[in-house]
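# Architecture at a glance
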Amino acid sequence: MESQRPHPTLTADILTEIFLRADSPADLARAAAACVGFCRLIADPSFLSRYRSLHKPLLLGFIGTDGLHPVPAPHPNATAALAFARTVNFSFRYLPRDVCVVDIRDGRILVELIDEAETSILLWDLAVCNPVSRSYQLVPRIPDDVLAAAQIKERDIVNFYTSLVPSGDFEAKSFRVIRCILVKTGLVLFVFSSVSGQWSVTTSTSWDALRLDAPKAWTELLDSRRYVHGCFYWKVNHKDKLLKLDMNTMKFSTHDLPPDQAERTVVIVEAEDGELAMFSHDQVDGGRSLDYYTFSPNGSKKGGEWKKKNTVMLPSQYECNMLRRCQSEGHIFLFGVPKAKFISHHACFALDIKTFKVERLNGIYAPAIETPYSGFPPIISPRKIQGPRLASRSVVSSVSCCFLGAVEVVKMQRQAYCIAVLLGV
C-alpha cells in the first residue's frame, strides 16, 4: 500500500506571502484572530510595512472643522471608517489653537495654527499631527534671517503654497514640509526637516527662466498641487502650462499642456502603466464629462506629448465640478449640483483614477470645504501592545474593530483570550 505523502509545511515565509495577498483588511483581521501564531506574524512591523506598500490606503472620510465625517454605507469602507472615526481623534483639541487643515499625506495632517493677532498668514505656525497616536510636532514660522538670506521682503510676496512631502511610509517618524513662496521676481522654495527642526532655502528661479509672466500683486497664479512620481505639479491658471518641482533635483520647470487647457480644471495623476496622466474638465459644458490624457515621453515633440485616451461620462442629473483641492489616494472628487428641481440635495462623487468608475458618496454633501482622508486604520499596531498577556486581545481588538461588526469582534476577542490563557501568555 502506497504511503501517503506528508502535507507540506506552511512555513512563516509561505504564510507571509499568503497574507500579503489578502486584498481586504477584514480578511487580514480574521487571519490575525485565528491563532496566536498568525497574530504574531501579522503584527510584525516588517510585515505591516510590506502590506502597506502593496495595498493602497482606504478612503475613510472627509475632515471638517468638527472632525472626521466617515464615508457611510453602502460604501465598502463604511464599517472601517465608522470604527476609525470612533477610535481616532480628529478634533485637534490637543493643539494649542484652532486650526485650518492644509494638507494630508501618509496619514499625517498638516495644519495652520490660526493666530488672529497676526495679520500675516505667512507668520502663522504650522503643526504636523498624527491622529492615530494623537501626537503632533510644531513647525515654526520661517525665521526672518532665513527669509533675508533669500532676499525676500514681505511686501514683495504675491502668494505662497505649503505642503507635506509624501514619504510613502505610514510608519516613518520623520517628515518634510515645503513652502513655495512666490515673489515679484520669481519662486523661492523653503524646506523644513523634522530631523533638524529647521527651515532652509533649497532652490529659487525667476519668472523669465520659467517663461511665465511675473505677477504684480497678490494673486492665485497656481492651482492646487498634485504629487506624482516624486514631483509636485501645479496647473498655471489661465495658461496651457504646468509648473513642476522635482524633489530629487530640487529644480523648477514648466511644461506645455494640450491646447485649450488654459481655462479648464486639470488634475495630474499616475497612469496605469506608471506614466504621467491627467483629467481635464470643462465646466462650461455643464460638467458632463472628463477628458483623460496620458503623457508619452517618447513623443515626436521635445520632451514628449499628451495624448487623449478616454472620455469619462459623469452623472447626467448633476452639473459636476471637479474639486481641485480635494485630493486622496487613487480618487478624484466631484461636487454635483442637481439639474432637476425634484432633486433637492447636492451630491459628492468619487472617480477611481484606475478604473474610471464614478461612485456616489451618500451622506457627503459639502466636500468643497472639507479634506478627504485616506489611510490605514491602526491595525495590529505594536506600539499599542503593553504586555504579553494583553497582546492577543489588544492586537485582535485593534485590527477587528476597524473592519468588522460588533458581534464578530466579541467572538474574536473571546477566541484570542482563550488561546492566550491556554498558552500561558
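Residues numbered from 1 in each chain as written. Predicted model: local features only at pLDDT ≥ 70, side-chain atom pairs only at ≥ 80, totals over all residues. Heavy atoms only, no water.

## Brief notes about the nonpolar core
Phe333 and Tyr373 are the most contacted members of the largest nonpolar core, which totals 30 residues. Taken together, the elements giving at least two residues each to this core come down to strand S1 (58-64), helix H5 (78-87), strand S4 (108-113), strand S5 (126-130), strand S19 (318-328), strand S20 (331-338) and strand S21 (347-352). Top element by residues in this core is S1. It accounts for 5 residues. Grouped together as the second largest cluster of nonpolar side chains are 22 residues, Val158, Leu189, Trp234 and Leu245 included. (Core = buried A, V, L, I, M, F, W, Y, C linked by side-chain atoms within 4.5 Å. Buried < 20%, exposed > 50% of the residue type's maximum accessible area, 1.4 Å probe, protein only. Helix = DSSP H or I, 4+ residues; strand = E, 2+ residues; numbered from the N terminus.)

## Topic: the pattern of salt bridges
A full pass over the atoms with the stated rule returns 13 salt bridges. The closest approach of N and O atoms between Lys56 and Asp352, which form a salt bridge, is 3.5 Å. Of this pair, Lys56 sits in the loop between helix H4 (45-54) and S1 while Asp352 sits in strand S21, and the two are 296 residues apart along the sequence. Lys56 sits in the partly exposed class, given a relative accessible area of 44%. On the accessibility criterion, Asp352 (15% relative accessible area) is buried. Lys241 serves as the salt-bridge partner of Asp256, at 2.7 Å between the closest nitrogen and oxygen. A residue pair is termed long-range when its members are at least 10 positions apart, and Asp256 in strand S14 (residues 251-256) and Lys241 in strand S13 (residues 241-246) qualify at 15 residues. Classification of Lys241 by relative accessible area gives buried; the value is 14%. (Salt bridge = Lys/Arg side-chain N within 4 Å of Asp/Glu carboxyl O.)

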